[in-house]
Amino acid sequence: MYPSKTRRKVAPATANGGDSADKLDQLLLSSVICNGEDIGPFVRKAFASGKPETLSHHLRQFYRSKESEIEEVCKAHYQDFILAVDDLRSLLSDVDLLKSALSDSNSKLQSVAGPLLTSLDSYVEAQNVSKNVDLALKSIAFCVKLMELCSRANFHLSNNNFYMALKCTDSIESEFLDKTPSSTLKRMLEKKIPAVRSHIERKVNKEFGDWLVEIRVVSRNLGQLAIGQASSARQREEDLRIKQRQAEEQTRLSLRDCVYALHEEDDEDGLNGVESDSNGGTGLLGFDLTPLYRAYHIHQTLGLEDRFKQYYFENRKLQLTSDFQVSSMTPFLESHQTFFAQIAGFFIVEDRILRTGGSLISKIEVENLWEAAVSKMCSVLEDQFSRMQTANHLLLIKDYVSLLGVTLRRYGYPVDALLDVLSKHRDKYHELLLSDCRKQISEALSADKFEQMLMKKEYEYSMNVLSFQIQTSDIVPAFPYVAPFSSTVPDCCRIVRSFIEDSVSFMSYGGQLDFYDVVKKYLDRLLGEVLDEALMKLITTSVHGVSQAMQVAANMAVLERACDFFSRHAAQLSGIPLRMAERSRRQFPLNKARDGAEDMLSGLLKTKVDGFMTLIENVNWMADEPLQNGNEYVNEVIIYLETLVSTAQQILPAPVLRRVLQDVLSHISEMIVGVLYGDSVKRFNINAIMGVDVDVRLLESFADNFTDGESNQLKTALAESRQLMNLLLSNHPENFLNPVIRERSYNTLDYRKVVTISEKLRDPSDRLFGTFGTRGAKANPKKKSLDALIKKLKDVS
């Protein structure tokens, strides 16, 4: 190759003649065109100056100048072109030679390489086939593993083993989906894997929904069982406490002869047969948490843990809200056990889930649910208690609520708010209980026939006497046994004992440990207000005879012993030592009724005695001789009193009979003095006084024969009449004026009565015409002393 010559640069031509301005314009235009610049300014200038012909002339001049230049360039390159053509011709001959050589070489190469190429093609083809076969085998093995995994997933799905099915599905998705050689299979997997997960989620949610429905029934049964076991445990504790009290009582009575041992039954913690399975289920009530934990685990595997926890909490909250509904069609007394058992079972289940369910539900969530439940239960109790007007209904609900508190406290739930509601209605309960007891006591008293109670069997004696500790002897009597009291006594004792037990039952297990003072306060109200008033009403309205009054008085004596039993019984049930109860014992609470019964009996006896005392009108107050055997009236009175005593001693205690007789004898003494003091007797002599003295001595003899060692107490009832007789029969009546002697011997006499009675006394020598036979006789010194006494007493008055 020859080197090409460089192109020559042509300078613009310049003309020698013409106008210098035109020359300049022509040079500038030529320079612009040669340099490839824009000639627009020249065109605008030519047209602006109105001389486009000059521009055209300059362009033609430039064109002509370039033609000569082109011609010169062409001539310069033509020689070079001729030389290049010659070189190409020589090169063409060399190429022909090379072509011939190459053609020969090619022919030889093809003849030699043809068989080799054929073998190479066969080898390459075989190698490709081998690679394809290996690839196919690998794809088949991959697909076989994939299909085995798919088959395993289908097997787990058919057996409802959803977790393993999900694990297989996750393995397929993570290990096989992107590497699957079959696009059809890959599309199938991409479509079926979400469908499988959705299917599993639906199935698990259905099982969980069925569990939610089932767990409500299970919760109610579970709550009833748990509360029932708490009740059984409480009963065992109560039985143990009773045995302990009996043992303590036996030990107190005879320490040396009583050896005892109390064995407390094992109280297993937890609900026997309620909590057993490791996965939170039991076989007794079907309390199975497996569906819940399975659903929770599946949702964890699906990555939906938070959504499921929220779903579970909301559903359980809705269930609890539904449990709060109190039916207006069913009385709360009939439905309260189901109501509280449902709530108890709910929180027993939640406690188990909290302890075994991982993070399915948090402690704060359970506490919030419990606070809502406590608030609702408190409001329901407040509402229902405000409507109830029967103490037994309040007690039944209170007992069940206290058992609910015991049951749930074992699971760590605070129940103080519930116990506060129970304590708040303590007064209302006792007021209703007092009202019920008032009706029962009124019915029992109205049915009383005022007859002694007949007991034919030992169990009747034990039920009506021993159970209230109102026996007077530890020796069991022979049967049939006629008790000194009527049927009213054991009936009232049963009512009071039931009141004590109901009161203690309401106060027990209510969060207050020492409640004896409260029980004692209401017991005193029952005895002092209800029973005492009812007995007083019975005495004032229904007692019309001596036998009835005597029976009521006998009943009151027995009730006095029963009140001691009531105090001890309340102390024992309240769990305090008997010595503390005895220390705080007050006076007999039925003292009004007791006094009223004795006053009624005394009044009726006085009325009877008054009938016999009317015979005192037959006394000869101016008798010639004193009577040796007493006047008629006193004999009638003593016969009646002796008959009365023989009957009364069978039923009335000696102190009661003594008080009644003392009152009656005092009344007789007052009547004797009253007759002497009254207007019915104008005059009487010493013989009549001596007869009355015999009457008083007969009455004193009756008092001596009545009691052993207590006659002085009865004889004091006759003190006024005795002192009056002593004064009237005294040889020195003026001693009455001596304060010391009067205080010792005449302290019951009223001096005004003494004056009046003394004025009525007339000596036999004062008889009409008596002075004739006694003329010249000495004056009676006793009469003088008595007259002096009367005079001085009048002066004092």
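Just so it is clear, the model here is predicted, and its values are computed rather than measured.

**Some details on the overall build of the protein**
Piece 1. Within the protein, the secondary structure is distributed over 27 helices and four strands.
Piece 2. Counted over contacts in the protein with a minimum sequence separation of 6, partners at least 24 positions apart contribute 77%.

**Digging into the packing of helix α18 (residues 591-613) against helix α19 (residues 632-648)**
Piece 1. At a minimum axis separation of 8 Å, α18 and α19 run at an interaxial angle of 150°. Comparing their axes, α19 and α18 come out roughly antiparallel. Classified by chirality, the crossing of α19 by α18 is right-handed. Counted together, Leu-605, Lys-608, Val-609, Phe-612 and Met-613 of α18 and Tyr-633, Glu-636, Val-637, Tyr-640, Leu-641 and Leu-644 of α19 form the full contact between these two elements.

**Some words on the side chain of Glu-598**
Piece 1. Relative to the elements of secondary structure, Glu-598 occurs in helix α18.
Piece 2. Here Glu-598 is in contact with Val-656, Arg-659 and Val-660, once residues within four sequence places are set aside.

**Structural notes on the packing of aromatic side chains**
Piece 1. Overall, the coordinates contain 15 aromatic pairs when judged by the stated rule.
Piece 2. Their ring planes at 80° and their centres at 6.1 Å tell us that Phe-332 and Phe-340 sit as a pair that is edge-to-face.
Piece 3. You can call Phe-340 buried: its relative accessible area is 0%.
Piece 4. Note on Phe-339 and Phe-340: the rings are 5.0 Å apart at their centroids and 75° apart in plane angle, and the pair reads as edge-to-face. As far as the burial class goes, Phe-339 and Phe-340 line up, both buried.
Piece 5. The structure contains a cluster of three or more aromatic residues connected by ring pairs, namely Phe-346, Phe-347, Trp-370 and Tyr-413.
Piece 6. The ring centre of Phe-506 lies 5.8 Å from the NZ or CZ of Lys-398, which sits over that ring.

**Here's the deal with the packing of helix α10 (residues 391-409) against helix α14 (residues 488-507)**
Piece 1. Where α10 contacts α14, the two axes come as close as 9 Å, and the packing angle between them is 40°. Where α10 crosses over α14, the handedness of that crossing is left-handed. Residues Leu-394, Leu-395, Lys-398 and Asp-399 of α10 pack against Asp-502, Ser-505, Phe-506 and Met-507 of α14.

**What about unusual backbone geometry?**
Comment: phi is negative for the bulk of residues other than glycine, and the bulk of peptide bonds are trans.
Piece 1. In this chain, Phe-479 is followed by Pro-480 through a cis amide linkage whose omega measures 5°.
Piece 2. With respect to the element layout, Pro-480 can be found in the loop between α13 (458-464) and β2 (481-482).
Piece 3. Non-glycine residue Phe-450 carries a positive phi angle of around 55°.
Piece 4. Mapped onto the elements of the fold, Phe-450 is located in the loop between α12 (426-446) and β1 (454-455).
Piece 5. By relative accessible area, which is 14% here, Phe-450 ends up buried.
Piece 6. Even without being glycine, Gln-469 reaches a positive phi, approximately 55°.
Piece 7. Looking at the secondary structure, you find Gln-469 in the loop between α13 and β2.
Piece 8. Overall, the relative accessible area of 37% leaves Gln-469 in the partly exposed class.

**Section: helix α16 (residues 546-574)**
Piece 1. Relative to the 42 Å expected for 29 residues at 1.5 Å per residue, α16 spans 41 Å between its end C-alpha atoms, a close match to the ideal helical length.
Piece 2. Most of α16 sits out of view: 23 of its 29 residues are buried.
Piece 3. Backbone geometry just after α16 places Gly-575 at a positive phi near 80°.

**A few points about the state of the cysteines**
Piece 1. Counted by the stated rule, this structure contains zero disulfides.
Piece 2. Distance from the sulfur of Cys-492, which forms no disulfide, to the nearest cysteine sulfur (Cys-493) is 7.1 Å.

**With respect to the side chain of His-569**
Piece 1. Here His-569 lies in helix α16.
Piece 2. Side chain to side chain, His-569 and Glu-501 meet in a polar contact 3.4 Å long.
Piece 3. Contact partners of His-569, with chain neighbours within four places excluded, come to Arg-497, Ile-500 and Glu-501.

**A short note on helix α11 (residues 416-424)**
Piece 1. Of the residues making up α11, those classed as buried are Leu-418, Leu-419, Val-421 and Leu-422. Buried residues of α11 fall within an arc of 155° about the axis and therefore sit on the same side. Exposed residues lying more than 90 degrees from the buried face of α11 are Asp-416, Asp-420 and Lys-424.
Piece 2. Residues of α11 that are buried sit in contact with α9 (363-387), α10, α12 and α14.

**Remarks on the pattern of salt bridges**
Piece 1. Evaluation of the coordinates by the stated rule reveals 22 salt bridges.
Piece 2. Between Glu-207 and Arg-294 there is a salt bridge; the shortest N-O distance is 3.5 Å. With a gap of 87 residues between them, Glu-207 in helix α5 (residues 183-253) and Arg-294 in helix α6 (residues 290-301) connect regions that are remote in the sequence.
Piece 3. One connected set of salt bridges, linked through shared partners, spans Asp-693, Arg-697, Glu-700 and Arg-722.

**Describing the confidence of the model for the protein**
Piece 1. Looking at the protein, the pLDDT average stands at 78 and 85% of residues meet or exceed 70.
Piece 2. Within the model, the stretch residues 1-18 combines pLDDT values under 50 with 17 contacts to residues more than four positions away or in other chains.
Piece 3. With pLDDT under 50 throughout, residues 252-285 is counted as low confidence; its partners more than four residues away or in other chains account for 60 contacts.

**Remarks on a nonpolar patch on the surface**
Piece 1. Taken together, the side chains of Val-129, Val-133, Leu-137, Ile-140 and Val-144 present a nonpolar region at the surface, about 420 Å² in accessible area.
Piece 2. Considering the arrangement of structural elements, one finds Val-129 in helix α3 (residues 52-158).
Piece 3. With relative accessibility at 47%, the residue Val-129 sits in the partly exposed group.

**Description of the environment of Ala-153**
Piece 1. Secondary-structure assignment places Ala-153 in helix α3.
Piece 2. Residue Ala-153 is classed as buried on the basis of its relative accessible area of 7%.
Piece 3. A sequence separation of 16 residues divides Ala-153 from Thr-169, and the C-alpha atoms of the two residues are 6.8 Å apart.
Piece 4. Dropping the residues within four chain positions of it, Ala-153 is found in contact with Ala-165 and Cys-168.

Parameters and conventions
Residues numbered from 1 in each chain as written. Predicted model: local features only at pLDDT ≥ 70, side-chain atom pairs only at ≥ 80, totals over all residues. Heavy atoms only, no water. Helix = DSSP H or I, 4+ residues; strand = E, 2+ residues; numbered from the N terminus. Contact = heavy atoms within 4.5 Å. Axes fitted to C-alpha atoms, helices over the stretch in contact; angles between N-to-C directions. Parallel < 35°, antiparallel > 145°, perpendicular 65-115°, else oblique. Left-handed = near helix turned anticlockwise from the far one by under 90°. Phe/Tyr/Trp six-rings, centres within 6.5 Å; stacked < 30°, edge-to-face > 60°. Buried < 20%, exposed > 50% of the residue type's maximum accessible area, 1.4 Å probe, protein only. Lys NZ or Arg CZ within 6 Å of the ring centre and 35° of its normal. Expected span 1.5 Å × (residues − 1). Disulfide = S-S within 2.5 Å. Polar contact = N/O pair within 3.5 Å; in protein donor to acceptor, adjacent residues only side chain to side chain. Arc of directions from axis to C-beta. Salt bridge = Lys/Arg side-chain N within 4 Å of Asp/Glu carboxyl O. pLDDT = per-residue confidence, 0-100. Patch = residues over 30% accessible without salt bridge, like charges linked within 9 Å, V, L, I, M, F, W, Y side chains within 5 Å. Areas by Shrake-Rupley, 256 points an atom, 1.4 Å probe, with all protein chains shown as cover.

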